[in-house]
Amino acid sequence: MAELLFRLRHVTDEEAMEVRDLFAAHGFDTYETQAGFFRLGVDAIWLRNPHQHEAATAALNAYQAERFERVQREHQATIERGEAATLWRRLSAHPVQVVLVLIAVGLIAALTLLPFVGLSHA
């Protein structure tokens, strides 16, 4: 019976391709499933041969540890260069969008709390 190796939901295309290439390079017999139009299925990579599960899991864990270290280094480098995204940088780059989002959050909060404010005056 097939075993789930890697869920593809909320994974970047870059990472998904790297995982596919990793499994292909190690010769694991895998296939993919899609969630479908109504998202009732699972976007995932499955292993056909259960005897390869331990080796495939070990390869995937090693890849994810290496990727985590690489992404951490890249993020630290952007912080050191002063290029990391901050609220003020986003505000200066897209002031109208940020103001509209803040107004929307305020309206949602007001509509949510309005019944409770009315109860406190009664």
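Keep in mind that what you see is a predicted model, and the values were worked out from it rather than measured.

Cut-offs and rules
- Residues numbered from 1 in each chain as written.
- Predicted model: local features only at pLDDT ≥ 70, side-chain atom pairs only at ≥ 80, totals over all residues.
- Heavy atoms only, no water.
- Helix = DSSP H or I, 4+ residues; strand = E, 2+ residues; numbered from the N terminus.
- Rg over C-alpha atoms; globule rule 2.2 N^0.38 Å.
- Buried < 20%, exposed > 50% of the residue type's maximum accessible area, 1.4 Å probe, protein only.
- Contact = heavy atoms within 4.5 Å.
- Areas by Shrake-Rupley, 256 points an atom, 1.4 Å probe, with all protein chains shown as cover.
- Pairing = 2+ DSSP bridges.
- Axes fitted to C-alpha atoms, helices over the stretch in contact; angles between N-to-C directions.
- Polar contact = N/O pair within 3.5 Å; in protein donor to acceptor, adjacent residues only side chain to side chain.
- Core = buried A, V, L, I, M, F, W, Y, C linked by side-chain atoms within 4.5 Å.
- Patch = residues over 30% accessible without salt bridge, like charges linked within 9 Å, V, L, I, M, F, W, Y side chains within 5 Å.
- Salt bridge = Lys/Arg side-chain N within 4 Å of Asp/Glu carboxyl O.

A. Looking closely at the overall build of the protein chain. A count of helical and extended segments in the protein chain gives four helices and three strands. Beginning at the N terminus, the succession of helices and strands in the protein chain can be written as β-α-β-β-α-α-α. At 23 Å, the protein chain has a C-alpha radius of gyration far larger than the 14 Å of a compact globule built from 122 residues. Per-residue burial for the protein chain yields a buried fraction of 20% across its 122 residues. At a minimum sequence separation of 6, the contacts of the protein chain that also span at least 24 residues come to 59%. Accessible area for the protein chain stands at about 9300 Å²; split by element, carbon and sulfur atoms hold 64% of it.

B. Molecular detail of the sheet that holds strand E3 (residues 44-47). Read across the sheet, three strands follow the order E1-E3-E2 without closing on themselves; strand pairing throughout is antiparallel. Either end of the sheet is taken by a strand with one partner, and the two such strands are strand E1 (3-7) and strand E2 (30-33). Across this sheet, the average inter-strand angle for adjacent strands is 30 degrees, counted without regard to direction. Two strands pair when backbone bridges link them, and E1 and E3 are joined in this way by four bridges, in the antiparallel orientation. Paired with glutamate 3 across the bridge in E3 is leucine 47. Contacting E1 and E3, helix H2 (residues 53-81) crosses the sheet at an angle of about 10 degrees to E1.

C. Spotlight on the side chain of aspartate 43. By the element assignment, aspartate 43 lies in the loop between E2 and E3. At 2.6 Å, the side chain of aspartate 43 forms a polar contact with the backbone nitrogen of alanine 35. Setting aside residues up to four positions removed in sequence, aspartate 43 forms contacts with Phe6, Arg7, Leu8, Arg9, Thr33, Gln34 and Ala35.

D. Looking closely at the nonpolar core. In terms of nonpolar packing, the biggest core is built from 15 residues, with Leu5, Phe6, Val19, Phe23, Phe28, Ile45 and Leu60 touching the most fellow members. Where this core is concerned, the elements lending two or more residues are E1, helix H1 (13-26), E3 and H2. When sequence neighbours within four positions are dropped, the list of residues in contact with phenylalanine 23 reads Leu5, Phe28, Thr30, Ile45, Ala56 and Leu60.

E. Geometry of the pairing of E3. One ladder, built from four bridges, connects E2 with E3; its direction is antiparallel. Looking at the pairing, glutamate 32 lines up with isoleucine 45 of E3.

F. Region of the structure containing a nonpolar patch on the surface. Together, Val96, Val99, Leu100, Ile103 and Leu107 make up an exposed nonpolar region whose accessible area comes to about 480 Å². Within the secondary structure, valine 99 is located in helix H4 (residues 95-121).

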